[in-house]
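So the chains spell out like this:
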Amino acid sequence: MSVIARNKNSKPRLTVKDLARDLGMSVSTVSRAFHADAVIAKGTRDVVLNRAREIGYSPNPFARSLITKKTRIVGVVVADIKNPFYPEVLTRLTTELRAIDMNVMLVAADQSGEVDQALRLLLNYQPDLAIILAATLSSEAAQECRKAGTPVIFFNRLSADDHAFGISCDNILGGRSIADYLADTGHRRLAYIAALADASTNVARHRGFSERAVERGLAAPAVIDAGQFSYHAGYEAARKLRDLEEMPDGVFCANDILAIGFLDGVRELGFNVPDDLSIMGFDDIEMAHWPSHGLTTVKQPIEKMLEATISLAKELGTNAGREPVVQMIAPGAVIERATTRRRHYD
């Protein structure tokens, strides 16, 4: 059968007018049933949605956007998809956005230049909102978002751009709580395994950890620069332990996957954890629970961060011109597992 013949035999796409005529309802009533935040009786919404499924009707998002001037698209850019923390976040973020009738367009990038390029690609689809995970934008890309009228929310990273919104854990407070935990459990010689030098999460965690250690009467923690938030970076950083002037007894890694790599590297070098040194991470990813790791860590307040992000997304849907705000959310408590121990010195 030819392409033309197949097209002639195919059914025309059903429209909202067809569905309204079938139900004996107005087009506006039927249209409201497909918007989660629209005012419509539950019974009426159920009737419309059930009949739409029966006859195979689905709303045309492009036609809807021409009328509402809203695409209902959220562009999500992530630059650290290999970090197990972000797939966990993306799964839950996507679910929450769909629950408020938002469609997610995801782009993964590896480098800062790729992040800018990814965002420019998203702008072609006129997203109502952009959410940036584990990345920064150039000032030029941020300016393009403002010109396009697309608000930007940075999740778990803070931007130097004063015109961007931010939802983040209070990483300074998190670093301070880890210093307190190690000091309270008898650790005296601390070290920090640093990740990306320009990442706000890395900078803030180091700052809180170092400042609180000094306040507690300890020497400023030694620093080993791993350079990335990755397993491989942590594994390689373990080799630099012997370069330190003094062997640490308590080590804080900038995040969990870095800590897990560091833990494996330290064990391969012949050190016993936690007898020779304690190791802590930050995030409480699923892998931190595994018996092979049993990583002591600080839990990111993901539920509260996602709740704040969804609340902000809703607000920006009706008030895109509101002033930018950065919301800092307190981290969870230290979760003690097998990689730390209480120390006693004579």
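Structural data are supplied above this passage.
Structural notes, computed from the coordinates. (Residues numbered from 1 in each chain as written. Predicted model: local features only at pLDDT ≥ 70, side-chain atom pairs only at ≥ 80, totals over all residues. Heavy atoms only, no water.)

When its secondary structure is counted, the protein chain shows 14 helices and 12 strands. If you line up the protein chain on its principal axes, its C-alpha atoms span 85 × 45 × 40 Å. Burial status across the protein chain gives 47% buried among its 346 residues. The long-range fraction of contacts in the protein chain, counting pairs at least 24 apart against all pairs at least 6 apart in sequence, stands at 71%. Accessible surface for the protein chain amounts to roughly 17,400 Å². Of this, 51% is attributable to carbon and sulfur atoms. Between the mean site of the 41 positive side-chain charges and the mean site of the 43 negative ones, the protein chain shows a separation of 10 Å. (Helix = DSSP H or I, 4+ residues; strand = E, 2+ residues; numbered from the N terminus. Buried < 20%, exposed > 50% of the residue type's maximum accessible area, 1.4 Å probe, protein only. Contact = heavy atoms within 4.5 Å. Areas by Shrake-Rupley, 256 points an atom, 1.4 Å probe, with all protein chains shown as cover. Lys, Arg positive; Asp, Glu negative; His and termini not counted. Charge placed at Lys NZ, Arg CZ, Asp CG, Glu CD.)

Applying the stated criterion across every chain yields a total of 7 aromatic pairs. Each ring, one from Tyr192 and one from Phe209, has its centre 6.2 Å from the other, and the planes form 40°; the classification is tilted. Separated by 17 residues along the polypeptide, Tyr192 in strand 6 (residues 190-194) and Phe209 in helix 10 (residues 200-215) bring together distant segments of the chain. Looking at Tyr192, the relative accessible area reads 0%, which means it is buried. Under the relative-accessibility criterion, Phe209 is labelled buried at 0%. One aromatic cluster is present, built from ring pairs that chain together Tyr192, Phe209, Phe252 and Phe282. (Phe/Tyr/Trp six-rings, centres within 6.5 Å; stacked < 30°, edge-to-face > 60°.)

Attention now moves to the pairing of strand 8 (residues 250-253). The side-chain alternation of strand 8 yields two buried faces, one formed by Gly250 and Phe252 and the other by Val251 and Cys253. In this structure, strand 6 lies alongside strand 8, joined through 4 bridges in parallel fashion. Paired with Ala191 across the strands is Val251, a residue of strand 8. Here 3 bridges tie strand 8 to strand 9 (residues 278-280), and the two strands are oriented parallel to one another. Across the sheet, the residue bridging to Gly250 is Ser278, located in strand 9. (Pairing = 2+ DSSP bridges.)

Attention now goes to the sheet that holds strand 2 (residues 103-108). Reading across the sheet, the 6 strands line up as 2-1-3-4-5-11 and stay open at both edges, with parallel pairing between neighbours. The sheet is open, and its two borders are formed by strand 2 and strand 11 (326-329), each paired with just one other strand. Sheet twist, expressed as the average angle between the axes of neighbouring strands with direction ignored, equals 15°. Taken together, the 3 bridges between strand 4 (residues 152-155) and strand 5 (residues 165-169) define a ladder with parallel strand orientation. By the bridge assignment, Phe154 is partnered in strand 5 with Gly166. (Axes fitted to C-alpha atoms, helices over the stretch in contact; angles between N-to-C directions.)

Let us now look at helix 6 (residues 85-99). The end-to-end C-alpha distance of helix 6, which contains 15 residues, comes to 22 Å, matching closely the 21 Å that a straight helix rising 1.5 Å per residue would cover. When we look at burial in helix 6, the residues that qualify are Phe85, Tyr86, Val89, Leu90, Leu93 and Leu97. Looking down the long axis of helix 6, one finds its buried residues gathered within 115° of arc, a one-sided arrangement. Set apart from the buried face of helix 6 by more than 90 degrees, the exposed residues are Thr91, Thr95, Arg98 and Ala99. Where helix 6 is buried, its residues contact strand 1 (73-78), strand 2, strand 3 (129-133), strand 4 and helix 14 (302-318). Positive backbone phi, at 65°, marks Asp101, one or two positions downstream of helix 6. (Expected span 1.5 Å × (residues − 1). Arc of directions from axis to C-beta.)

Turning next to the packing of helix 6 against helix 14. At their nearest, the axes of helix 6 and helix 14 sit 11 Å apart, and the two run at 40° to each other. By the criterion of interaxial angle, the relationship of helix 6 to helix 14 is oblique. Considering only the axes of helix 6 and helix 14, their crossing is right-handed. Residue-level contacts link Phe85, Val89, Arg92, Leu93, Glu96 and Leu97 of helix 6 to Ile302, Glu303, Leu306, Thr309, Ile310 and Ala313 of helix 14. Across the contact of helix 6 with helix 14, the residue classes tally to 8 nonpolar, 1 polar and 3 charged. (Parallel < 35°, antiparallel > 145°, perpendicular 65-115°, else oblique. Left-handed = near helix turned anticlockwise from the far one by under 90°. Nonpolar A, V, L, I, M, F, W, Y, C, P; charged D, E, K, R; others polar.)

With parallel pairing, the 4 strands of this open sheet are ordered in space as 7-6-8-9. At either end of the open sheet lies a strand with only one pairing partner, and these are strand 7 (222-225) and strand 9. The sheet shows a mean angle of 20° between the axes of neighbouring strands, taken without regard to direction. Docked against the sheet, helix 10 engages strand 6, strand 7 and strand 8, running at close to 170° with respect to strand 6.

Core analysis: the largest hydrophobic core is formed by 74 residues, its most contacted members being Ile131, Leu133, Phe262 and Ile279. Broken down by element, the residue count for this core peaks at 8 residues, all from helix 14. Those residues in contact with Ile131 that lie beyond four places of it in its chain are Val74, Gly75, Val76, Val77, Leu93, Leu97, Ile153, Phe155 and Thr309. Of all hydrophobic cores here, the second largest spans 18 residues; its members include Val115, Leu122, Ala130 and Phe154. (Core = buried A, V, L, I, M, F, W, Y, C linked by side-chain atoms within 4.5 Å.)

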